[in-house]
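The primary structure of each chain is shown beneath.
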Amino acid sequence: MARIYPILSALLLAACQLPGAGGDSARSGAMLYARHCAQCHGTGLRGDGPLASELPVRPTDLTRLSAGNGGVFPTEDVITVIHGYPGRHQLGLMPEFVRDLPPEQTVWTSPDGTSHEVPAAMLALARHIALWQR
Ligand code: HEC
C-alpha cells in the first residue's frame, strides 16, 4: 500500500492541473492537500512526506489529531494552524497558508453551535484530514 501513495498523489496533482479544474473542485480538500501539504505531512498524512527528513521537527502525524484530543476532531485548531497561527513548537516550520489558499469564506458551525466565517479551502482541508483519523 505504501508504494501506491506517491502514484495516487501524482495522479491527483495532475487532475488538479487540468484546465477547467478551477472553482469548487480546485478547493476540494484532497486536491488542496496533495498540492500544499503532502510534501511534508505525506500522502498518507502520517508526517512522512519527502521533505520531512529535512526538517528539525517532524511534521505532525495528522491521522492522530482526534486521538490526541479525546476522540474529537479539532476542526477549529486545524483551521487555525493552516491559517498561520504558530504551531506547537513555534519554530515557524509549519507554513502559513492565509495568502496561498483561495480567500472565499463559508460558514462553519462549531460543536458548541456558534457559527463562524472561515475560508472554504481551510474547512475543506480540515474535513479531508478528519476522514483520515485512526
Ligand atoms: C514545509 C513543511 C510543511 C508543509 C508544506 C505543511 N506542514 Fe503542517 N506542519 C509541519 C510541521 C513541521 C509541523 C509541526 C510544527 C509544530 O508543531 O510546531 C506541522 C504541523 C501541522 C499541524 C498541527 C498539528 C497539531 O499539532 O495540532 C497541522 C494541523 C498541519 N500541520 C496541517 C497542515 C496542512 C493542512 C498543510 C497544507 C495546507 C500543511 N500542514 C503543510 C510542516 C509542514
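Further up the page is the structure itself.
In this report, the structure presented in the accompanying data block is examined. (Residues numbered from 1 in each chain as written. Predicted model: local features only at pLDDT ≥ 70, side-chain atom pairs only at ≥ 80, totals over all residues. Heavy atoms only, no water.)

### Concerning the packing of helix α3 (residues 29-36) against helix α6 (residues 120-131)
How we decide: Interaxial angles span 0 to 180 degrees and are taken between N-to-C directions of axes, which are lines fitted to C-alpha atoms, for helices over the stretch in contact. Strands are runs of DSSP state E lasting at least 2 residues, helices are runs of H or I lasting at least 4, and numbering of each runs from the N terminus. The scheme is simple: roughly parallel for angles under 35 degrees, roughly antiparallel for over 145, roughly perpendicular for 65 to 115, oblique for anything else. Whether two residues are in contact is decided by their heavy atoms: any pair within 4.5 Å suffices. Each residue gets one of three labels, nonpolar for Ala, Val, Leu, Ile, Met, Phe, Trp, Tyr, Cys and Pro, charged for Asp, Glu, Lys and Arg, and polar for the others, Gly among them.
Here α3 crosses α6 at 90 degrees, and the two axes come no closer than 8 Å. One way to sum up the angle between α3 and α6 is to call them roughly perpendicular. On α6, the residues touching G29, A30, L32 and Y33 of α3 are A121, A124, L125 and H128. Class assignment for the residues of the contact of α3 with α6 results in six nonpolar, two polar and no charged.

### Some remarks on the coordination of the iron atom of the ligand
How we decide: Metal coordination here is assigned from N, O and S atoms located within 2.8 Å of the ion, or within 3.2 Å for Na, K and Ca; omission of water means that sites may look incomplete. Buried residues are those whose accessible area, probed at 1.4 Å on protein chains only, stays under 20% of the maximum for their type, while exposed residues exceed 50% and partly exposed ones sit between those limits.
Bound to the iron atom of the ligand on the protein side are H41 (NE2) and M94 (SD), at distances that span 2.0 Å. A residue is classified by how much of its surface remains accessible, and H41, at 9% relative accessible area, is buried. For M94, a relative accessible area of 30% corresponds to the partly exposed category.

### So, the environment of P56
Take P56: it is sitting in the loop between α4 (38-41) and α5 (75-83). By relative accessible area, which is 68% here, P56 ends up exposed. Spatially, the C-alpha atoms of P56 and L93 are 8.5 Å apart, while their sequence positions differ by 37 residues.

### What to know about α6
The cut-off we apply is this: One less than the number of residues in a helix, times 1.5 Å, gives the span that helix is expected to have.
In a regular helix each residue adds 1.5 Å, so twelve residues correspond to 16 Å; α6 covers 17 Å between its end C-alpha atoms and thus fits that length. In terms of burial, α6 is a largely internal element, nine of the twelve residues being buried. Every buried residue of α6 is accounted for by A120, A121, M122, L123, A124, L125, A126, H128 and I129. Of the surrounding secondary structure, the elements contacted by the buried residues of α6 are α3, α5, β1 (105-109) and β2 (115-119).

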